[in-house]
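# Report on the structure
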Amino acid sequence: GALMSEIRSLGKSQGKSDRRKMTALPLISLSSRSLSRSRSRLASLLADALRETMDDLRSVLTSTLSKSDSRASSIADEMNLDAVLRVRVRLAEELADAAEDSGHRTLVRIGVPSRSELVGVVSERALSWARQHAGQLLGMREDDSGNLVEDPESPYSLTESTRSIVRDVLSRGIAENKTVEEMAAELEERGFSSERAARIADEEVANANQAGILDAVLEASDSGFELEKSWKSVGDDRVSKTICAPN
């Protein structure tokens, strides 16, 4: 993009007279070894779940699909997504690892000592965020008793987006008199491929990276470290002078 944010650390505050030199904190690279491993494991986890779901759906299509749009819709609504829902715990673990790693790296760059209690706090916040986000990703949330329930207000649901793909492919396929094999092939490409799993993994590891950085910055700031946020512009014609000048 044309803009990126940058956090500068002024070090631990020692009063108004403390004017330490500001140190820029570059974003944690998504190509770092630890985040790359998280992305690879997450992509594999999701690919296996989507493949199992597609195998089940293929059997349903072969045995029950009739040429009516309402049937296509009900197949999408009633499809078995247990394989996807079962990955929640491991999904949360992978996201927590990625967020925790980015958070700890950010603390180091700020200048927080490795034995600081902030390290443990950031780890706890990474785990809490990951559990909540994994649930949202699957269209679920924990109720007051700790039980998983559907969350119709989830900002993004892998389960619902998958149903939407199935509904669209089947509805159009029936209207165009496509065979079950043709519809299954399109479904596999659009909604159940390893490429889709990789795209989701890329996005979610990026989300975890940002969550870890943000938690570390907020905790360090609350603990007395002086931080300053600024915007860096690449200076091309996409940059709005009206928006950027005041910042």
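Residues numbered from 1 in each chain as written. Predicted model: local features only at pLDDT ≥ 70, side-chain atom pairs only at ≥ 80, totals over all residues. Heavy atoms only, no water.

## Things to note about helix α8 (residues 194-222)
We count it as follows: By the criteria applied, helices consist of DSSP H or I runs no shorter than four residues and strands consist of E runs no shorter than two, each listed in order from the N terminus. Multiply 1.5 Å by the residue count of a helix minus one, and that product is the helix's expected span.
Over its 29 residues, α8 extends 42 Å from the first C-alpha to the last, a length consistent with the 42 Å expected when each residue adds 1.5 Å. In the stretch just after α8, G224 is the one whose phi turns positive, near 105°.

## Some words on the environment of G103
Using the following cut-off: Residue burial is assigned from relative accessible area. The probe radius is 1.4 Å, only protein chains are included, and a residue is buried under 20% of its type maximum, exposed over 50%, and partly exposed in between. Residues are treated as being in contact if the distance between any of their heavy atoms lies within 4.5 Å.
Take G103: it is sitting in helix α4 (residues 88-110). On the basis of relative accessible area, G103 is assigned to the buried category, the value being 0%. Once the C-alpha coordinates of G103 and V122 are considered, the two residues, 19 residues apart in sequence, prove to be 6.4 Å apart. With near-sequence residues (within four places) excluded, G103 lies in contact with V122, G212, I213 and A216.

## Some thoughts on the pattern of salt bridges
Just so we agree on the cut-off: Here a salt bridge means any side-chain nitrogen of Lys or Arg lying within 4 Å of a carboxyl oxygen belonging to Asp or Glu.
Tallied over the entire structure, the rule returns 16 salt bridges. A salt bridge links E219 to R125, with the nearest nitrogen and oxygen atoms 2.6 Å apart. Here R125 lies in helix α5 (residues 117-137) and E219 lies in helix α8, a separation of 94 residues in the sequence. Members of the salt-bridge network, linked through shared partners, are D168, R172, E176, K178, E186 and R190.

## Let's talk about the confidence of the model for the protein
To keep things clear, this is the line we draw: A score from 0 to 100, pLDDT tells how confident the predictor is in each residue.
Chain-level statistics for the protein give a pLDDT mean of 83 and a share of 78% at 70 or above. This stretch, residues 1-6, has a pLDDT under 50; its non-local contacts, to residues over four places away or in other chains, come to 24 contacts. Ignoring residues within four places in sequence, the model shows residues 13-24, a span with pLDDT below 50, making 21 contacts including any to other chains.

## As for the environment of S36
By secondary structure assignment, the location of S36 is in helix α1 (residues 33-64). The sequence separation of S36 and D202 amounts to 166 residues, and the corresponding C-alpha distance is 9.1 Å.

## Some thoughts on the packing of α5 against α8
Put simply, the rule is: Orientation is described by axes fitted as lines to C-alpha atoms, over the contacting stretch for helices, and by angles from 0 to 180 degrees between their N-to-C directions. Crossing handedness follows the turn of the near helix against the far one: under a right angle anticlockwise gives a left-handed crossing, and clockwise gives a right-handed one. Three classes are used: nonpolar for Ala, Val, Leu, Ile, Met, Phe, Trp, Tyr, Cys and Pro, charged for Asp, Glu, Lys and Arg, and polar for all others, with Gly counted as polar.
Where α5 meets α8, the closest approach of the two axes is 10 Å, and the angle between their N-to-C directions is 145°. In the packing of α5 onto α8, the handedness of the crossing is right-handed. Residues L118, V121, V122, R125, A126, W129, H133 and L137 of α5 form the contact with α8, whose own contacting residues are E204, N207, A208, A211, D215, A216, L218, E219 and A220. When grouped by side-chain class, the residues that make up the contact of α5 with α8 number 11 nonpolar, two polar and four charged.

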